[in-house]
Structure formats: structure tokens, C-alpha cells
Amino acid sequence: MSDLQSLINTVNEFRDERSWRQYHNPKDLAISISIEAAELLEDFQWVNSEKALKDNKENIREEIADVLIYSLMLCSDLDIDVKEIVEEKIVKNGRKYPVSNK
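Keep in mind the model is a prediction, meaning the values are calculated, not measured.

(A) Quick look at the environment of L72. Note that L72 resides in helix α3 (residues 49-77). Spatially, the C-alpha atom of L72 lies 8.7 Å from that of L7, the residues being 65 residues apart in sequence. Among all residues touching L72, those that are not within four sequence positions of it are L4, L7, I8 and V82.

Here you go:
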């Protein structure tokens, strides 16, 4: 089992132990991803990156974790292979934004 699949299993076990899956339909997981991403943005609002990291590093870590956890749950529920979609997107972005030979 890959490290990624092990992490997904851990997230799903945590959720299932608390009977939260019933609340985690694709729409609500997508909404939660957006909300957590907005909370991450709040740490950077009105300050430069250096100050945000100095003042809010622990919360930034927690908000990134929340975004990732909801994203992993959504992929798991939709039977989407995380590694596959990331690799496919990198290839697609490579075609869209090729390296220039400047």
C-alpha cells in the first residue's frame, strides 16, 4: 500500500469512527474545501507573505491540512486516483505552459 493510500485510509477511518460520512456528500465536501481555503487566505490578508508566516505559521499548517483532508475524502468518495489526476494535470499544464528556452 502506498503512503498516499495509507493516508487516505487514516482519514477515512477517522471520519467513519465518528459516523461523519453521512454528512460528507460531494457537494458539501467541495464547499468545505472552499471554506478552508478561504480560512487559509485570511492568514495572508493585508500582510506580506513573510509576516503572515511569522505570525500565523501554525494556523497556516492547520488550514492546509484541512484543505487536503477534505480533498482526499472527496477523491476517495468519488473513486478518483489522487496520484493519477495530479500527474495528468502536470502533463496538461506542461503542454499549456511549456518551458521557454530564453
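Once the structure has been displayed, the description carries forward.
(B) Up close: a negative patch on the surface. A cluster of like negative charges, contributed by D79, D81, E84 and E88, occupies part of the molecular surface. Turning to its location among the elements, D81 is positioned in the loop between α3 and α4 (82-96). You can call D81 partly exposed: its relative accessible area is 42%.

(C) Fine view of the packing of helix α1 (residues 3-17) against α3. Two elements in contact, α1 and α3, have axes separated by 10 Å at closest approach and are oriented at 95°. Accordingly, the angle class assigned to the pair α1 and α3 is roughly perpendicular. Each of L4, L7, I8, V11, N12 and R15 in α1 lies in contact with α3, whose residues at this interface are I69, L72, M73, S76 and D77.

Definitions and limits used
The residue numbers shown here count from 1 along each chain, following its written sequence. Where local features are concerned, this predicted model is filtered to residues with pLDDT of at least 70; where side-chain atom pairs are given and counted, the filter is 80 or more; whole-chain, interface and lining totals use all residues. As a rule here, side-chain values cover all heavy atoms of the structure and leave hydrogens and water aside. We count a stretch as a helix when DSSP gives it H or I for four or more residues in a row; a strand needs E for two or more, and each element gets its number in order from the N terminus. Here a residue-residue contact requires only that any non-hydrogen atoms of the pair lie within 4.5 Å. Exposure above 30% relative accessible area and the absence of a salt bridge qualify a residue for a patch, where like charges join within 9 Å and nonpolar side chains (Val, Leu, Ile, Met, Phe, Trp, Tyr) within 5 Å. Using the Shrake-Rupley algorithm and a 1.4 Å probe, accessible areas are obtained, with residue cover drawn only from the displayed protein chains. Salt bridge, as used here: a side-chain nitrogen of Lys or Arg that lies within 4 Å of a carboxyl oxygen of Asp or Glu. In this tally Asp and Glu are treated as negative and Lys and Arg as positive; neither His nor the chain ends contributes. The atom standing in for a charge is NZ when the residue is Lys, CZ when it is Arg, CG when it is Asp and CD when it is Glu. Note on classification: 1.4 Å probe, protein chains only; a residue is buried when its accessible area is under 20% of the maximum for its type, exposed when over 50%, partly exposed between these limits. Fitted lines through C-alpha atoms give the axes, limited to the stretch in contact for helices. The angle between two N-to-C directions lies from 0 to 180 degrees. For this classification, under 35 degrees means roughly parallel, over 145 means roughly antiparallel, 65 to 115 means roughly perpendicular, and everything else is oblique.

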